[in-house]
Amino acid sequence: MTAHEHIPVMPEAVISYLAPRPGETYVDGTVGSGGHSELILQHSGPDSRVIGLDRDPAQLELAGARLAEFGDRAILVRSSYEDVLDVLSHLHLDSISGMLIDCGPSLDQLAGRTTGRGRGFSWRAEDEPLDMSYDPDQARTARSLLAELTERELLELFGQTLRGGEVRRVVSGILRERGQRPIETTGRLTGLLRRALAYKGPAVDRRISAAYLALRIVVNDELEGLARGIDAAVEALRPGGRLVILSFHGLEHRIARTRLRELEGGPIGPPRLIGAPEREAKVKVTTPGPLFPSEDEISANPAARSSRLHAAVRV
Ligand SMILES: C[S@@+](CC[C@H](N)C(=O)[O-])C[C@H]1O[C@@H](n2cnc3c(N)ncnc32)[C@H](O)[C@@H]1O
């Protein structure tokens, strides 16, 4: 068995849109266990480098083991991809030729393989602490949100991924349960979600997943973080440099699509104001629309099912 079980998603398309070349420097903003980084290093030929970033030191360890054969062509840094410009300045680099952002948790994190103990990312886990943060030193966790958010804030949080009646049932379940004792484990949370959403019948599992997703997004500030990360990546790219984004659910797809369109000089939010000034284009979107994984890829790697790929080139 390998040390990692995460399989890189849409590998051919990532390499085709990133088009890595010898002698160039790339940033893998979410290095995980290093699957995409390994491909970039293999396809770019000699003298290229990958700077791999991750908020999770356990993931960086996995990537370090996998990328050891590339020696100093792989540089690993514990950082958010939002801070790519700071990382580059510490490394005395002005710009890069490409950057990849592969959103969400890796299968290794979901399975708790990296830390020997799950962190509550998955509702299928029996009884794990409800952390859900990629960065193990972060104070905000799913536990702390469930304990501290007001009713209104909880309604807003779950409203991201659940619908009206579902949200109200889930939030009243949380308020009731936390009044008895803190909700600190996946077992407690899944139990209360199951009771609140049981009326959904066979769809209940998907609604529980959606509730977990809403919490994870807020614990890690994933949506605004993605928008900021796209902006930072674009600033880091040299003209002609390429950005590839892999997103995994509707809220991420929308941010990837709309932020790239805005950076292309398109309207900020519909509808466009008549007479609004044209904005300077920073990128040209190179994907004809979102790219989907093939049926073959989905059968070999079901975790790829919901993925979409967006790519752009810096102008
Ligand atoms: C889907 S996995 C990446 C898998 C990787 N592409 C591979 O092939 O092995 C996403 C990784 O991004 C990390 N991550 C999440 N948010 C991040 C952020 N803002 N900055 C850097 N890493 C982040 C997670 O800890 C996780 O390891």
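Thresholds, definitions, all that
- Residues numbered from 1 in each chain as written.
- Predicted model: local features only at pLDDT ≥ 70, side-chain atom pairs only at ≥ 80, totals over all residues.
- Heavy atoms only, no water.
- Domains from an automatic or database assignment.
- Buried area = accessible area lost by both parts, 1.4 Å probe.
- Salt bridge = Lys/Arg side-chain N within 4 Å of Asp/Glu carboxyl O.
- Buried < 20%, exposed > 50% of the residue type's maximum accessible area, 1.4 Å probe, protein only.
- Helix = DSSP H or I, 4+ residues; strand = E, 2+ residues; numbered from the N terminus.
- Pairing = 2+ DSSP bridges.
- Axes fitted to C-alpha atoms, helices over the stretch in contact; angles between N-to-C directions.
- Parallel < 35°, antiparallel > 145°, perpendicular 65-115°, else oblique.
- Left-handed = near helix turned anticlockwise from the far one by under 90°.
- Contact = heavy atoms within 4.5 Å.
- Nonpolar A, V, L, I, M, F, W, Y, C, P; charged D, E, K, R; others polar.
- Core = buried A, V, L, I, M, F, W, Y, C linked by side-chain atoms within 4.5 Å.
- Right-handed = clockwise from strand over helix to strand, strands pointing away.

**Digging into the domain arrangement of the chain**
Domain boundaries in the chain define domain 1 (11-108 + 222-314) and domain 2 (139-219). Taking only C-alpha atoms, the centre of domain 1 and the centre of domain 2 are 31 Å apart. Ranking the residues of domain 1 by area buried against domain 2 places Glu 222, His 249 and Leu 251 at the top, with a combined share of 72%. Taken together, domain 1 and domain 2 are joined by one salt bridge. A salt bridge links Glu 222 to Arg 216; its shortest N-O distance comes to 2.8 Å.

**Looking at the pairing of strand E7 (residues 308-314)**
Among the seven residues that make up E7, seven are buried, leaving the element largely enclosed by the rest of the structure. Neither face of E7 is left uncovered, since the one carrying Arg 308, His 310, Ala 312 and Arg 314 and the one carrying Leu 309, Ala 311 and Val 313 both have all their residues buried. Bridging between strand E5 (residues 237-247) and E7 involves six bridges; their strand directions are antiparallel. Residue pairing in the sheet places Val 244 in a bridge with Ala 311 of E7. Of the pairings in the sheet, the one linking strand E6 (residues 283-285) to E7 comprises three bridges and is antiparallel in character. By the bridge assignment, Val 285 is partnered in E7 with Ala 312.

**Considerations on the pattern of salt bridges**
This structure, assessed with the given rule, holds 19 salt bridges. The partner of Arg 207 in a salt bridge is Glu 166, and the shortest N-O contact between them spans 2.9 Å. Separated by 41 residues along the polypeptide, Arg 207 in helix H10 (residues 204-219) and Glu 166 in helix H8 (residues 164-180) bring together distant segments of the chain. There is no split in this pair, since Arg 207 and Glu 166 are both buried.

**Re the packing of helix H1 (residues 11-18) against helix H2 (residues 35-44)**
Between H1 and H2, the shortest axis-to-axis distance is 10 Å and the interhelical angle comes to 50°. Classified by the interaxial angle, the pair formed by H1 and H2 is oblique. H1 and H2 meet at a crossing whose hand is right-handed. Residues Pro 11, Val 14, Ile 15 and Leu 18 of H1 lie in contact with H2, whose contacting residues are His 36, Leu 39, Ile 40 and His 43. Grouping the constituent residues of the contact of H1 with H2 by class yields six nonpolar, two polar and no charged.

**A word on the sheet that holds strand E3 (residues 74-78)**
Pairing is mixed in the open sheet, where seven strands are placed in the order E3-E2-E1-E4-E5-E7-E6. Looking at the sheet topology across the chains shown, the edges are occupied by E3 and E6. Strand-to-strand, the axes of this sheet are offset by a mean angle of 20°, without reference to chain direction. Of the strands in this sheet, strand E4 (96-102), E5, E6 and E7 are in contact with helix H11 (residues 222-236), which crosses E5 at around 155°. Across the face of the sheet, helix H12 (residues 250-263) comes into contact with E5, E6 and E7 while running at roughly 20° to E7.

**Here we look at the nonpolar core**
Core analysis: the biggest nonpolar cluster contains 55 residues, and Met 99, Ile 230 and Leu 243 have the highest contact counts within it. For this core, the element with the most residues is H11, which contributes seven residues. One finds Val 167, Leu 192, Ile 208 and Val 219 within the second-largest nonpolar core, a separate group that totals 31 residues.

**Observations concerning the pairing of strand E2 (residues 49-54)**
Judged by how many residues are buried, E2 sits mostly within the fold: five of six residues are covered. Sheet topology note: the strand E1 (residues 25-28)/E2 ladder contains four bridges and is parallel. Paired with Asp 28 across the bridge in E2 is Gly 52. In this view, the connection linking E1 to its parallel neighbour E2 by way of H2 has right-handed handedness. Strand direction decides the pairing type here: E2 and E3, joined by five bridges, are parallel. Across the sheet, Ile 51 pairs through a bridge with Ile 75, a residue of E3. Crossover E2 to E3 through helix H3 (residues 57-67) is right-handed.

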